[in-house]
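Report on the structure
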There are 2 protein chains.
Amino acid sequence: MRRRSLIAGGGVGLVGAALAAPAIAQSQPEVKWRLASSFPKSLDTLYGAAEYMAKRVADATDNKFQIRVFAGGEIVPAFQVLDAVQNNTVELGHSASYYFVGKDPTFAFDCTIPFGMNARQQNAWMTHGGGMELMRAFFKDYNIYNIPMGNTAAQMGGWWRKEIKTVDDLKGVKFRIGGLGGAVLGKLGVVAQQIPGGDIYPALEKGTIDAAEWVGPYDDEKLGFYKVAKFYYYPGWWEGQTQASTYVNLGQWGQLPKTYQAILEGACVHQYIDIALRMIITARYRPKEGRVPHASGTKGAFARAQNFKRVLGIHALNIA
Amino acid sequence: MRRRSLIAGGGVGLVGAALAAPAIAQSQPEVKWRLASSFPKSLDTLYGAAEYMAKRVADATDNKFQIRVFAGGEIVPAFQVLDAVQNNTVELGHSASYYFVGKDPTFAFDCTIPFGMNARQQNAWMTHGGGMELMRAFFKDYNIYNIPMGNTAAQMGGWWRKEIKTVDDLKGVKFRIGGLGGAVLGKLGVVAQQIPGGDIYPALEKGTIDAAEWVGPYDDEKLGFYKVAKFYYYPGWWEGQTQASTYVNLGQWGQLPKTYQAILEGACVHQYIDIALRMIITARYRPKEGRVPHASGTKGAFARAQNFKRVLGIHALNIA
């Protein structure tokens, strides 16, 4: 009775809302889309972002706009997500745009630049500094409408089998690294490798690669790197922030009702902020011992962690 | 023709979406709500947030869910927004919860705590650290469903007519300050005053108060403080971050269709991130000289800025 009296007492707004609600369901257009992610299912951060986003879209449309999410490799290989959206094989993709710097280095600006901005700066640049307009114009040539969805914030320098004491130790090291950072390290003799997140562990375990960086403690522990590489370095100066993006096929976007466009875009922004927060709360506050990321292996590696910048940073800055 | 061929070529999803779209408009329930803000209309950040949020809600519902925004003092005084929502005078409010620490100091946790978390930590705590659950349970007693909407990030220490060289200089200074920070400074002899944003300038100009903190350069310049107070101090250690919140009358929230609940909540989160970014891009990058915040008065005050922490921080830390 309390609710009813509140409504009656207020006398403002919400005219017949509760009664009219079921009618929405009958008339909203049914839209079923597929999203190809570049990320492995084990990561509730990067892969999970797309599923959380899909749920928010469903909630806002009474389940009429449904997005089904597929992990890297399920529909298309992790690094073919861009092509798949461009060609309308899927309506949606979720990826890190620096995977595609081989097509055009401009993709890095939608993701991360070594020694570049931090997460807040990137986000501010995209939202209020003209970045979005520039990236939208660029993606148009790929038949894509891009919406930022996720930022890992500053990343770690990765897991190394052998300790790095001098710059010479880097020579010939096969290092899994994303984006333009590999080109920087290449000047120091590192053999940069681009490998999808889900394929890094076996490569590191078998010795196909000697070292690998992914994101940070929360994700890295899930992928198990601490089991096969003892040295965990920081910071990942090549990823002071890393932005992930949702790709929407431009033709499909144009045909979507404007309300669904607004809901989809809003859900992506909602998820943008969620990824980094999920990593922060778990990596930095460790609410429960053992839950994150201080499993014994990781803990030991942390204790041995060296300041990557001290060994590498200055040299790398000078090679530009 | 390009679009059409894409759709035809893809053959996936979006069945009849474009044709069915107009039908949504006819069946969505019409909801008209009012939002009372605690902030003055001149601020596109804090006041503007509610208007941007309202636009997003309208866009996602084909204008069927309309929210009309009123500045502090228009419907109810700036500091009575909480009561107005609690009593269903308005369905929505937008405020900084530390304005209400007089009712209960717990309100500060929904906003800011001196020497407390930074923006990312507060946001992570709310979203993934259990903060939201605690605050929702607390607000329930006020008949309110709270949704965070906005964070200023770290604030400045405010504008002072007289230079502060020693802690003794603080004695008797009438200082406009929000929340619990005033209680800290009170121990040092400051006479803390709580004044709504829109009323600070005249109070400072007339000499009713001797100093005032609001947020940071972007907002502070709009409110004109640099014209009447020469010394701008930093940092505002009492506001390492400051979260703003949307208040929804709990009875109205319960009657809202679930789709509208999801859309409203999503729009608030969208706007949460926008406020701080708007401040960052303008305050830190200064895309156009003279536009922000380096008007001559501000520039001069910046040049004279002292490190507030050096004078005050340690003492304040020791008085707890």
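In this convention, every chain numbers its residues from 1, walking through the sequence in written order. All chains are assigned letters beginning at A, and all ligands numbers beginning at 1, according to the order in which they are written. This being a predicted model, a pLDDT of at least 70 is required before a residue's local features are given, and a value of 80 or more before pairs of side-chain atoms are given or counted; all residues contribute to the totals for chains, interfaces and linings. Note: side-chain values were computed over all heavy atoms of the structure, leaving out hydrogens and water.

**Notes on the overall build of chain A**
Secondary structure follows DSSP: runs of H or I at least 4 residues long count as helices, runs of E at least 2 residues long count as strands, and numbering of each begins at the N terminus. Counting secondary structure elements, chain A contains 13 helices and ten strands. Burial here depends on accessible area, computed with a 1.4 Å probe over protein chains only, as a share of the maximum for the residue type. Under 20% is buried, over 50% is exposed, and the range in between is partly exposed. Across the 320 residues that make up chain A, the buried fraction comes to 58%. Two residues form a contact once any of their heavy atoms are found within 4.5 Å. Excluding contacts between residues fewer than 6 apart, the proportion of contacts in chain A whose partners are at least 24 apart in sequence is 76%. In this description, accessible areas are obtained by the Shrake-Rupley approach with a 1.4 Å probe, and a residue is regarded as covered only by the protein chains that are shown. Accessible surface, chain A: about 12700 Å² in total, of which carbon and sulfur atoms supply 53%.

**Points about the nonpolar core**
Among buried residues, those of type Ala, Val, Leu, Ile, Met, Phe, Trp, Tyr and Cys that are joined through side-chain atoms within 4.5 Å constitute a nonpolar core. Formed by 146 residues in total, the largest nonpolar core has its most connected members in Ile 67, Trp 214 and Leu 264 of chain A together with Ile 67, Trp 214 and Leu 264 of chain B. Residues in contact with Ile 67 of chain A, not counting those within four places in the same chain, are Trp 33, Leu 35, Met 53, Ala 54, Val 57, Leu 92 and Leu 264 of chain A.

**A word on the domain arrangement of chain A**
Residues and elements named next belong to chain A. Domain start and stop positions are those given by an automatic or database domain assignment. If you check the domain split of chain A, you get domain 1 (26-154 + 241-281) and domain 2 (158-238 + 290-319). Roughly 1800 Å² of surface becomes buried between domain 1 and domain 2 when both sides are summed, with 71% attributable to carbon and sulfur atoms. Every case where a carboxyl oxygen of Asp or Glu lies within 4 Å of a side-chain nitrogen of Lys or Arg is listed as a salt bridge. Linking domain 1 with domain 2 are one salt bridge, by the criterion used here. Asp 44 is the salt-bridge partner of Lys 222, the closest N and O atoms lying 3.6 Å from each other. Residues of the side of domain 1 that touches domain 2, tallied by class, amount to 14 nonpolar, four polar and two charged. Here's the idea: put two parts together, see how much 1.4 Å probe accessible area each one loses, and the total over both is what we call buried area. Note on residue categories: nonpolar means Ala, Val, Leu, Ile, Met, Phe, Trp, Tyr, Cys or Pro, charged means Asp, Glu, Lys or Arg, and polar means any other residue, Gly included.

**A few points about the pattern of salt bridges**
According to the stated counting rule, one finds 17 salt bridges over all chains in the structure shown. Salt-bridge contacts for Asp 168 of chain A lead to Lys 171 of chain A; the nearest nitrogen and oxygen are separated by 3.0 Å. For the pair Asp 168 of chain A and Lys 171 of chain A, a shared accessibility class is recorded, and that class is exposed. With a closest N to O distance of 3.5 Å, Lys 41 of chain B and Glu 74 of chain B form a salt bridge. Of this pair, Lys 41 of chain B sits in the loop between strand 1 (31-37) and helix 3 (46-60) while Glu 74 of chain B sits in the loop between strand 2 (65-70) and helix 4 (81-86), and the two are 33 residues apart along the sequence. One salt-bridge network, in which partners are shared between bridges, spans Glu 30, Lys 32 and Lys 64 of chain A.

**Focus on the packing of aromatic side chains**
Between 30 and 60 degrees the pair is tilted, below 30 it is stacked and above 60 it is edge-to-face, where a pair is any two Phe, Tyr or Trp rings, Trp via its six-membered ring, whose centres lie within 6.5 Å. Inspection of every chain in the model, using the stated rule, returns 42 aromatic pairs over all chains. Between the aromatic rings of Phe 139 of chain A and Tyr 247 of chain A, the centroid separation amounts to 5.3 Å while the plane-to-plane angle is 40 degrees, which identifies the pairing as tilted. One end of the pair, Phe 139 of chain A, is in helix 6 (residues 131-140); the other, Tyr 247 of chain A, is in strand 10 (residues 243-249), with 108 residues separating them in the sequence. The exposure class assigned to Phe 139 of chain A is buried, which follows from its relative accessible area of 0%. Exposure remark for Tyr 247 of chain A: the relative accessible area of 0% places this residue in the buried category. A ring pair is formed by Phe 138 of chain B and Tyr 142 of chain B, whose centres lie 5.5 Å apart and whose planes are at 50 degrees; its orientation type is tilted. Comparing Phe 138 of chain B with Tyr 142 of chain B shows no difference in burial state: the two are buried. Cluster of aromatic residues (ring-pair linked, three or more members): Phe 79, Tyr 98, Tyr 99, Phe 100, Phe 107, Phe 138, Phe 139, Tyr 142 and Tyr 247 of chain A. By the criterion adopted, a ring carries a charge over it if an Arg CZ or a Lys NZ lies within 6 Å of its centre and within 35 degrees of its normal. Just above the ring of Tyr 218 of chain A sits the side chain of Lys 222 of chain A; from NZ or CZ to the centre is 4.0 Å.

**A short note on the environment of Val 269 of chain A**
By the secondary structure assignment, Val 269 of chain A is in helix 11 (residues 258-285). Put simply, Val 269 of chain A and His 94 of chain A are 175 residues apart on the chain and 13 Å apart in space, counted from C-alpha to C-alpha. For Val 269 of chain A, the residues in contact, after removing those within four places along its chain, are Pro 148 of chain A together with His 270 and Ile 273 of chain B.

**Description of the environment of Val 173 of chain B**
Residues and elements named next belong to chain B. Secondary-structure assignment places Val 173 in the loop between strand 5 (158-160) and strand 6 (174-176). Judged by its relative accessible area of 12%, Val 173 falls in the buried class. Sequence-distant contacts of Val 173, defined by excluding residues within four places in its chain, comprise Trp 160, Gly 189, Val 190, Val 191, Asp 210 and Ala 211.

**Observations concerning the sheet that holds strand 4 (residues 144-151) of chain A**
Residue and element names in this part refer to chain A. If you trace the five strands from one edge of the open sheet to the other, you get 2-1-3-10-4, paired in mixed fashion. Two strands lie at the open edges of the sheet, namely strand 2 (65-70) and strand 4, each paired on one side alone. Within the sheet, the average angular offset between the axes of one strand and its neighbour, ignoring direction, is 25 degrees. Bridge count between strand 1 (residues 31-37) and strand 3 (residues 92-95): three bridges; the pairing is parallel. Within the sheet, the bridge partner assigned to Leu 35 lies in strand 3 and is Leu 92. The rule for pairing is simple: two strands pair if DSSP sees at least two bridges between them. Here an angle of 0 to 180 degrees is reported between the N-to-C directions of two axes, which are lines fitted to C-alpha atoms, with helices fitted over the stretch in contact.

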